[in-house]
Amino acid sequence: MPGLAFAHGPTRQKASESVEINAAPEKVWGIIKNFGDMSWHPAVAMTDASKGNEKGAVRELGYKKGGMMEEELSKYDADKMSYSTFIGHVNIDIIPATNYSSTITVKPAGDGSKSQVTWRAAFYRGYPNNDPPANLNDEASVAGVKAYIREGLDNLKKIAESGS
């Protein structure tokens, strides 16, 4: 049908970042394992999660540059040092994405005295309709999510390796 337009909505995007940390996995996990404490991410000013690490717990995140978001804990596995989250209503001024879900995992690296932390996210661009503005298109959303993740992982590395 030659008259049909090939317009469609957004496609699911992905971002994945990793960092090797010169600290034991148990130490690194100890920094991030409490869902209600995201103080290790430099963009986060405050976190509150009344149900702790219980599946379905919701943490309220307040950001240093302003704005709030609620993030839900969808899976928690202390034995595998991993948890997954979901943000249904993303503040696009903070993360330029919608329907954001992520998983962060700590694994041993090298001889086991180091850690490999991987943070993976899946999401849709910040503007869910056709013809998104440049700051909310697929490329900008991937770049923004990667920057948010990278900022968190780099600071986690700094904290874990500082010995404090």
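Heads up: these notes are all about the structure in this document.

Focus on the overall build of the protein chain
(1) Moving on: Check the secondary structure of the protein chain and you find two helices and seven strands.
(2) Moving on: Starting at the N terminus and walking to the C terminus, you meet the elements of the protein chain as β-α-β-β-β-β-β-β-α.
(3) Moving on: With respect to the principal axes defined by its C-alpha atoms, the protein chain has extents near 60 × 35 × 30 Å.
(4) Moving on: When burial is assessed residue by residue, the protein chain has 41% of its 164 residues classed as buried.
(5) Moving on: Across the protein chain, every contact between residues at least 6 apart in sequence was considered, and the portion connecting residues at least 24 apart equals 54%.
(6) Moving on: When the accessible surface of the protein chain is split by element, carbon and sulfur atoms take 50% of a total near 8,700 Å².
(7) Moving on: Each charge sign in the protein chain was given a centre, from 19 positive and 20 negative side chains, and these centres are 4 Å apart.

Topic: the sheet that holds strand E1 (residues 13–21)
(1) Moving on: If you trace the seven strands from one edge of the open sheet to the other, you get E1-E7-E6-E5-E4-E3-E2, paired in antiparallel fashion. Only two strands of the sheet have a single neighbouring strand rather than two, namely E1 and strand E2 (44–49). Taking the axes of each pair of neighbouring strands and ignoring which way they run, one obtains an average angle of 20° across the sheet.
(2) Moving on: Two elements, E2 and strand E3 (residues 58–63), share five bridges in a ladder whose sense is antiparallel.

What to know about the packing of helix H1 (residues 25–32) against helix H2 (residues 138–162)
(1) Moving on: Between H1 and H2, whose axes approach to 10 Å, the crossing angle comes to 120°. By the angle class used here, H1 and H2 are oblique. When the axes of H1 and H2 are compared, the crossing they make is right-handed. Packed against H1, whose contacting residues are Lys27, Val28, Ile31 and Ile32, the element H2 presents Leu156, Ile159 and Ala160 at the interface.
(2) Moving on: Tallied by class, residues from the contact of H1 with H2 come to six nonpolar, no polar and one charged.

Details of a positive patch on the surface
(1) Moving on: On the surface, Lys75, Lys80, Lys107 and Arg120 cluster together into a patch of positive charge.
(2) Moving on: Locating Lys80 in the fold gives a position in the loop between strand E4 (68–77) and strand E5 (82–87).

A look at the side chain of His41
(1) Moving on: If you trace the backbone, His41 turns up in the loop between H1 and E2.
(2) Moving on: Of the residues examined, His41 reaches a relative accessible area of 0% and is grouped as buried.
(3) Moving on: A polar contact of 3.5 Å, which involves the side chain of His41, links it to the backbone nitrogen of Gly152.

Notes on the side chain of Ser84
(1) Moving on: Structurally, Ser84 is set in strand E5.
(2) Moving on: If near-sequence neighbours (up to four positions away) are discounted, Ser84 is found in contact with Glu72, Leu73, Ser74, Lys75, Ser102 and Thr103.

Description of H1
(1) Moving on: Within H1 the residues assigned to the buried category are Pro25, Val28, Trp29, Ile31 and Ile32. Along the axis of H1, the buried residues cluster in a sector spanning 155°; they form a single face.
(2) Moving on: Looking at the buried residues of H1, the elements they touch are E1, E4, E5, strand E6 (97–109), strand E7 (114–125) and H2.

What to know about the packing of aromatic side chains
(1) Moving on: The full count for this structure, using the stated rule, is seven aromatic pairs.
(2) Moving on: Summarising the aromatic geometry, the rings of Trp29 and Tyr76 are spaced 5.8 Å apart at their centres and angled 40° between planes, so their arrangement reads as tilted. In this pair, Trp29 sits in helix H1 while Tyr76 sits in strand E4, placing the two residues 47 residues apart along the sequence.
(3) Moving on: The class of Trp29 is buried, set by a relative accessible area of 7%.
(4) Moving on: Here the aromatic cluster, defined as three or more aromatic residues joined through ring pairs, consists of Trp29, Phe35, Tyr76 and Tyr83.

Procedures and definitions
- Residues numbered from 1 in each chain as written.
- Predicted model: local features only at pLDDT ≥ 70, side-chain atom pairs only at ≥ 80, totals over all residues.
- Heavy atoms only, no water.
- Helix = DSSP H or I, 4+ residues; strand = E, 2+ residues; numbered from the N terminus.
- Buried < 20%, exposed > 50% of the residue type's maximum accessible area, 1.4 Å probe, protein only.
- Contact = heavy atoms within 4.5 Å.
- Areas by Shrake-Rupley, 256 points an atom, 1.4 Å probe, with all protein chains shown as cover.
- Lys, Arg positive; Asp, Glu negative; His and termini not counted.
- Charge placed at Lys NZ, Arg CZ, Asp CG, Glu CD.
- Pairing = 2+ DSSP bridges.
- Axes fitted to C-alpha atoms, helices over the stretch in contact; angles between N-to-C directions.
- Parallel < 35°, antiparallel > 145°, perpendicular 65-115°, else oblique.
- Left-handed = near helix turned anticlockwise from the far one by under 90°.
- Nonpolar A, V, L, I, M, F, W, Y, C, P; charged D, E, K, R; others polar.
- Patch = residues over 30% accessible without salt bridge, like charges linked within 9 Å, V, L, I, M, F, W, Y side chains within 5 Å.
- Salt bridge = Lys/Arg side-chain N within 4 Å of Asp/Glu carboxyl O.
- Polar contact = N/O pair within 3.5 Å; in protein donor to acceptor, adjacent residues only side chain to side chain.
- Arc of directions from axis to C-beta.
- Phe/Tyr/Trp six-rings, centres within 6.5 Å; stacked < 30°, edge-to-face > 60°.

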